[in-house]
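Coordinate inspection notes
Below are the chains, spelled out letter by letter.
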Amino acid sequence: MFALHAESVNSNASQTSKSFPSRRSFPEDVYTTAVQSPSIVFSDPVLKSGSAVTTGLGVPLALGGGFALTYTIDAGKKFAVRCFQRDSSHLETRYEKISAVIAKQTSGYFVGFEYQKDGILVDGQRYPIVKMEWAQGDTLGSFLEKNFGSASAIDKLRADFFTMEQNLRRAGIAHGDLQNGNVVISNGLKLIDYDGLFVPGLPIGKGFETGQKHFQHPKRSAADFGPEMDRFSYIVIDLSLQALASRPQLFDEYSNGQNIIFSASDYADPSSSKVFSALRAFPDLKQAAENLSNICSSAFRDIPTLEDFLVGKNIPKAAIKVTSTTASRKVVHEYIGAYDVIDASNYNAALSQVGNRVELIGKVLDVKEGRTRGRKPYIFVNFSDWRGNAVKLSIWSEGLKILRETPSAAWVGQYISVTGLIDPPFKKSTYSHVGITITEATQIKRISSEEALWRLGRATRTASNGGSEGRLTGNDAILSQLSPNRTSLRGSKGTSHKPTAASTTRSAQANAKILQQIGAGSSTRSSPTFPSTSKTSYGRAAPRQSSAGKYSPQQQPEKQSGTLTPILFLAFIIIVIWFANS
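Residues numbered from 1 in each chain as written. Predicted model: local features only at pLDDT ≥ 70, side-chain atom pairs only at ≥ 80, totals over all residues. Heavy atoms only, no water.

**Overview of the overall build of the protein**
To be explicit about the condition: To qualify as a helix, a DSSP run of H or I must reach at least 4 residues; to qualify as a strand, a run of E must reach at least 2; elements of each kind are numbered from the N terminus. Remark: exposure states derive from per-residue accessible area (1.4 Å probe, protein chains only) relative to the maximum for the residue type, with buried under 20%, exposed over 50%, and partly exposed in between. Contacts are assigned to residue pairs with any non-hydrogen atoms lying within 4.5 Å of each other. Method for areas: the Shrake-Rupley scheme with a 1.4 Å probe, in which residue coverage is limited to the protein chains shown.
Of regular secondary structure, the protein possesses 19 helices and 21 strands. Going through the 582 residues of the protein one by one, you find that 51% of them count as buried. Counting only contacts in the protein whose residues sit at least 6 apart along the sequence, the fraction spanning at least 24 positions is 66%. Put simply, the protein shows about 26700 Å² of open surface, and 51% of that area lies on carbon and sulfur atoms.

Now the structure itself:
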């Protein structure tokens, strides 16, 4: 099932074998054209009998991007076929070693795959592919979109990740790119995309990718390739799920479709990160947030295991920063996206990224609804006049079914962020369109104009004591902080982060289960046990403190009585505004 497969093909003078196409001379549309004729281009007999899953335009749908493109081939049974865009002479050797190790795994975390050296015929030459079994279920991103409000589902997911981390760490295996799109949830966890996988026998320190940034340490490099490279990802996933289990509102406020709640910008500067600030306000999450902050500012080699992180062991010390008073009040942020950020109004910029996964940022010009020849509904979201060279989103009937919010005329004039693979241009005599096909709800997020300009690098964002929303400074910033119903960047009304006794207790109980599993040394995946333990961790609710001048987030300052209260309050506001503008 997992054995390496490099079948011999009918040799022909015009069909030579080549390790990889050149990325520059081998864009996505060449592969897309080829897979429309599976009986001709594939050497695998099963793939020959299949057909490519297509868009509403009848064009094969490509997923992935960057290192490889993934097409879905339906041959009575679905397969994912990965076609490589980048040169890598050691790929065959890598997959041979990966296949040998995975074949011995009984954990169920991997799907069957075959590396086929001469798998596809393109322009008279044969190129390698990887044929993978289709992983049924929701990706991590889609699962969270559907279940972030279910504490029991999130708790189980967290426990499953912990068990997977233990099992793979014992086996010396690391995935290298744990993220929303590479984990599938269906009666447990399945990992897909093995291009960056480390298994025993591969050379340590010789990687060629560093993973999706929202799940990776800011200092990770290709030289960190090895059995410990997933440590940071597991810690981020665990803490994110712990927070969501008792405070699901965090997902709507901080998820951007490509993360859970943390992003690369947060790791780059935890001291001014809004999400770090929010977690520090919760007694049961405060120490964990501080520990993750310390890890972000430390060397990659100092990242502890998830097990050590959960018990507060081997946490690197906080880096000491010396800044001026002015600098500490106002810190300039730079947006760090998971992928290259492209202005959706710039056709040429989008065209240059065909075959790449990017983040499009743009203002919606119009939303066009229609039906295909088969009477299936579709929607095009245009960022400029469709009658010329334009960038657009294509949402076919399958995509419309999974969206939480269907684009409509109300979107016109609004900014949106879209992540996905830039499709090959669709050309007619008078116009040419490039864009992204929407296949998951997590791909589209509505954002504010301030957020859009910041992500495009056309505006700066300032922060004070944990960050602000957008470019607000001075009086506007103060008033936005005083308002009890501030509006989040995603357009929804802000939810109070005041912890409750119930949420704190819930979080402590869920964390205790994970800690009990550590104590039990569980190595089984199917039915982890949680014996009682008396271990103390930061996952338990912190006691309230009432030292002079301080109170915990659960405590409220005593109300002042007397007729001078409104006057004093007004004087306080005036002083604060004066200080902010000084």
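Moving on, there is more to tell.
**Quick notes on empty space enclosed by the protein**
Unfilled space is identified by rolling a water-sized probe across the atoms. Selection criterion: Site definitions follow a grid-based scheme: protein atoms alone, a 1 Å grid, a 1.4 Å probe that fits but cannot get out for cavities, and for pockets an open set with protein on both sides within 12 Å along at least five of seven lines, plus lining residues having an atom within 4 Å of a point. Grid points are joined across faces, edges and corners, and a volume is the space filled by probe spheres set on the points. Residue polarity follows a fixed list, in which Ala, Val, Leu, Ile, Met, Phe, Trp, Tyr, Cys and Pro are nonpolar, Asp, Glu, Lys and Arg are charged, and the others, Gly among them, are polar.
Scanning the entire structure with this criterion turns up four cavities of 30 Å³ or more. Quantified by volume, the second largest cavity comes out at close to 80 Å³. Taken together, Glu 165, Leu 168, Arg 169, Ile 173, Ala 174, Pro 227, Glu 228, Met 229, Asp 230, Arg 231 and Tyr 234 make up the full set of residues lining the second largest cavity. Elements with a contribution of two residues or more to the lining of the second largest cavity: helix H6 (151–171) and helix H7 (231–246). Examining the composition of the lining of the second largest cavity, we find that three residues originate from one element, H6, more than from any other. Grouping the constituent residues of the lining of the second largest cavity by class yields six nonpolar, no polar and five charged.

**Some remarks on the packing of aromatic side chains**
Inclusion rule: To pair, rings of Phe, Tyr and Trp, with the six-membered ring standing in for Trp, must have centres within 6.5 Å; the planes then decide the type, stacked if under 30 degrees apart, edge-to-face if over 60, and tilted in the middle. We call a charge positioned over a ring when the NZ of a Lys or the CZ of an Arg lies within 6 Å of the ring centre and within 35 degrees of the ring normal.
Following the criterion strictly, the structure yields 14 aromatic pairs and no others. Ring centres of Tyr 378 and Phe 380 lie 4.7 Å apart, and the angle between their planes is 40 degrees; this geometry places the pair in the tilted category. Residues Tyr 378 and Phe 380 agree in their burial class; the two are buried. Site record: aromatic cluster; members linked through ring pairs are Tyr 95, Phe 110, Phe 113, Tyr 115 and Tyr 194. Lying across the ring of Phe 282, Arg 247 places its NZ or CZ 4.0 Å from the centre. Positioned above the aromatic ring of Phe 380 is the side chain of Lys 392, whose terminal nitrogen or guanidinium carbon lies 3.7 Å from the ring centre.

**Here's the deal with the side chain of Thr 139**
For Thr 139, the position within the fold is in strand S8 (residues 138–139). Under the relative-accessibility criterion, Thr 139 is labelled buried at 13%. Not counting residues within four places of it along the chain, the set of residues in contact with Thr 139 comprises Asn 180, Gly 181, Val 183, Val 184, Ile 185 and Glu 440.

**As for the pattern of salt bridges**
Here is the rule: Salt bridges, as used here, are contacts in which a Lys or Arg side-chain nitrogen is within 4 Å of a carboxyl oxygen on Asp or Glu.
Enumeration over the complete set of coordinates arrives at 20 salt bridges. In this structure, Arg 82 engages Asp 193 in a salt bridge whose closest nitrogen and oxygen atoms are separated by 3.4 Å. In this pair, Arg 82 is assigned in strand S5 (residues 78–84) and Asp 193 in the loop between strand S10 (189–191) and H7, connecting sequence segments 111 residues apart. Note on accessibility: Arg 82 and Asp 193 belong to one class, buried. The closest approach of N and O atoms between Asp 160 and Lys 156, which form a salt bridge, is 2.9 Å. One end of the pair, Asp 160, and the other, Lys 156, are both in helix H6, four residues apart, so they sit about a helical turn from each other. The class for Asp 160 is buried, based on a relative accessible area of 17%.

**Comments concerning the environment of Asp 118**
Relative to the assigned elements, Asp 118 resides in strand S6 (residues 113–122). Judged by its relative accessible area of 13%, Asp 118 falls in the buried class. Put simply, Asp 118 and Ile 129 are 11 residues apart on the chain and 7.4 Å apart in space, counted from C-alpha to C-alpha.

**A look at unusual backbone geometry**
Located in the positive-phi region is Asn 187, a residue other than glycine, with phi close to 55 degrees. Here Asn 187 shows up in the loop between strand S9 (183–185) and S10. For Asn 187, a relative accessible area of 81% translates into the label exposed. In this model, Arg 375 sits at a positive phi of 70 degrees, which is unusual for a non-glycine residue. Looking at where Arg 375 falls in the secondary structure, it is placed in the loop between strand S14 (366–371) and strand S15 (377–382). According to the relative accessible area criterion, Arg 375 is exposed, its value standing at 57%.

**Overview of the sheet that holds strand S12 (residues 340–343)**
Which entries qualify depends on this criterion: Should DSSP find at least two bridges between two strands, the strands are regarded as paired. Axis lines are fitted to C-alpha atoms, over the contacting stretch for helices. Their N-to-C directions set the angle, which ranges from 0 to 180 degrees.
Strand order in the open sheet formed by four strands is S12-S13-S17-S20, with mixed pairing between adjacent strands. A single partner strand is all that each edge strand has here, and the edge strands are S12 and strand S20 (444–447). For this sheet, the mean inter-axis angle between neighbouring strands, taken without regard to orientation, is 25 degrees. Sheet topology note: the strand S17 (residues 415–421)/S20 ladder contains four bridges and is antiparallel.

**Remarks on the confidence of the model for the protein**
The condition that has to hold: Scored between 0 and 100, pLDDT is the confidence that the predictor attaches to each residue.
Across the protein, pLDDT averages 80, with 71% of residues at or above 70. This model gives residues 1–26 a pLDDT under 50, and the stretch forms 72 contacts once residues within four places in sequence are excluded. Scored below 50 in pLDDT, residues 522–564 shows 78 contacts in the model against residues more than four places distant or in partner chains.

**Focus on H7**
Since there are 3.6 residues in each turn of an α-helix, residues three or four apart along the chain are aligned in direction. Quick reminder of the rule: One less than the residue count of a helix, multiplied by 1.5 Å, gives the span that helix is expected to have.
Taking 1.5 Å per residue, 16 residues should reach 22 Å; H7 reaches 24 Å between its end C-alpha atoms and fits that length. By the criterion of burial, H7 is predominantly enclosed, with 15 of the 16 residues buried.

**Observations regarding the sheet that holds strand S16 (residues 389–395)**
Strand order across the open sheet formed by five strands is S14-S15-S16-S19-S18, with mixed pairing between neighbours. Strands at the two margins of the open sheet, each flanked by one partner only, are S14 and strand S18 (426–427). Of the strand pairs in this sheet, S15 and S16 are connected by four bridges, and their pairing is antiparallel. Its bridge partner lying in S16, Val 381 is registered against Leu 393.

**Some remarks on the pairing of strand S19 (residues 432–437)**
The element S19 is extensively covered by neighbouring structure, given that six of its six residues are classed as buried. Pairing between S16 and S19: six bridges, direction parallel. Among the inter-strand pairings, Ser 394 is bridged to a residue of S19, identified as Thr 437. For S18 and S19, the ladder comprises two bridges, and the chain directions are antiparallel. Bridge pairing links Phe 426 to His 433 in S19. Count of turn residues in the S18/S19 antiparallel hairpin: four residues.

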